[in-house]
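Listed below are the residues making up each chain.
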Amino acid sequence: MIVRWGLESLPDACAEAAVTSPLLVASPRWDSLELRVEPAARWREVPSDRIAEAVDAARGADGVLAIGGGSAIDLGKAISAATGLGLVSVPTTYAGAEWTSYFGVRDPERRMRGGGGGARPMAILYEPELALELPAETTVGTAMNALAHCAEALYVRGHNPAADEHALAGARLIAEWLPRVVGTPDDREARSELLRGACHGGAALAGSMLGLAHAMAQAIGGTYGLPHGTLNGVCLPPVLRFNAPFAAEAVTRFGEAVGDPAEPAGRVEVLAALAGPTRLRELGVPAGDLPGLAVATAERGGNLANPKPASPDEIERLLHDVY
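Quick caveat, the model's predicted, so the values are computed rather than measured.

J.: I tried to follow the pairing of strand 7 (residues 112-116) on my own but got confused; where do I start?
T.: Consecutive side chains of a regular strand alternate in pointing toward one face of the sheet and then the other. Direction of pairing for strand 6 (residues 103-106) relative to strand 7: antiparallel, over a ladder of 4 bridges. Each residue of the ladder has a partner; that of Val105, found in strand 7, is Gly114. Once strand 6 ends, the chain turns through 5 residues before running back antiparallel as strand 7, passing Arg110 with a positive phi of about 70°.

J.: Got a minute to help me understand the sheet that holds strand 3 (residues 41-43) in this structure?
T.: Hydrogen bonds between backbone atoms are what pair the strands of a sheet, whose relative direction is either parallel or antiparallel. Within the open sheet, the 6 strands sit side by side as 1-8-5-4-2-3. Their pairing is parallel. Because the sheet does not close on itself, it has two edges, and the strands there are strand 1 (2-5) and strand 3. On average, adjacent strands in this sheet sit at an angle of 20° to one another, irrespective of strand direction. With 3 bridges connecting them, strand 2 (residues 23-25) and strand 4 (residues 64-68) associate as parallel partners. Bridged to Val25 within strand 4 is Ala66. Contacting strand 2, strand 3, strand 4, strand 5 (86-91) and strand 8 (120-126), helix 3 (residues 70-83) crosses the sheet at an angle of about 165° to strand 4.

J.: Explain helix 3 to me, please; I cannot follow it from the model alone.
T.: An α-helical turn contains 3.6 residues, so a residue and the one three or four places further along point in the same direction. Helix length check: helix 3 (14 residues) gives 20 Å between terminal C-alpha atoms against 20 Å at 1.5 Å per residue, within 8%. In terms of residue burial, helix 3 counts as a mostly covered element, since 10 of its 14 residues are buried. When helix 3 is considered as a whole, its buried residues turn out to be Ser71, Ala72, Ile73, Asp74, Leu75, Gly76, Lys77, Ala78, Ile79 and Ser80. Gly84 lies just past helix 3 and shows a positive phi near 80°.

Here is what the cut-offs are and how they apply
- For every chain, the first residue of the written sequence is number 1, and numbering continues from 1 along that sequence.
- Whole-chain, interface and lining totals are the exception, using all residues; otherwise, since this is a predicted model, local features are given only for residues with pLDDT of at least 70 and side-chain atom pairs are given and counted only at 80 or more.
- To obtain the side-chain values, all non-hydrogen atoms of the structure were used and water was disregarded.
- Any two strands with at least two DSSP bridges between them are considered paired.
- Strands here mean DSSP runs of E at least two residues long; helices mean DSSP runs of H or I at least four residues long; both are numbered from the N terminus.
- Fitted lines through C-alpha atoms serve as axes, helices being fitted only where they are in contact, and the angles separating the N-to-C directions of these axes extend from 0 to 180 degrees.
- Only heavy atoms enter the contact rule, under which two residues are in contact if any of them lie within 4.5 Å.
- Multiplying 1.5 Å by the helix residue count minus one yields the expected span of that helix.
- When accessible area is computed with a 1.4 Å probe and restricted to protein chains, residues below 20% of their type maximum are described as buried, those above 50% as exposed, and intermediate ones as partly exposed.

Following this line, the structure appears as structure tokens:
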């Protein structure tokens, strides 16, 4: 993966990825952004499930340039997968979606309408300035997504030493710098270091797999159109406690990285509570839907890659724990 820092490096990153005249995927919020790259066309509806129309808009483009959070980058990946075009991502949150070839497709109401794999991510450009106006709730939520990538990379069945190294580096940076970003959101150094943590989390994810916390967040978020990162902040603590007997060393290493080896789940709860909801009831999830959500979660790949795949009954108990 080509990784560059600073928006002034975008032309070089695109050139290295052989993307010189891309389809630009970005919401209208970024219309005034000085890119120094001339797009062949623009797609502004983010998120969108009109993939066929977006693919048609890419005619004449030699790549895809996606700017925004996870929804924009996942849409870029869906177009890349359908066209075979290379993807350059400029993430404006801490989600980490830019590192993988798989994606979810959401409609404008943010409900899941499909997904898949086969995208061709070629380059990532990180610019901390683009996150300076990010609301605290979005900052914390997307950082929790990155932190969940770090935790799960340490114990999923595809874990490995290289991904572990990224996971531990990312967890340390996120735990240290997220409180500073919330306290002083215009602190450029803090934003840069938090983004470095998210970058390591994305690299850890790309080198391993997702686990049970993500499976729960995906099942819930895709059903109700809820923020994926916030849901990871809700779901990760009970999963860490669930996994502790089956992956004790990995959970402890994660705890050491975030500053609480004895109770890493508690440390995650503190970080998630810096901004935004921390209980499913606060997000409007109906209590009566928990059994069905548990069944849907049990079937997802993240649960199957967990150190111990959880049964629907076990998952339902975890959901009740954070209701």
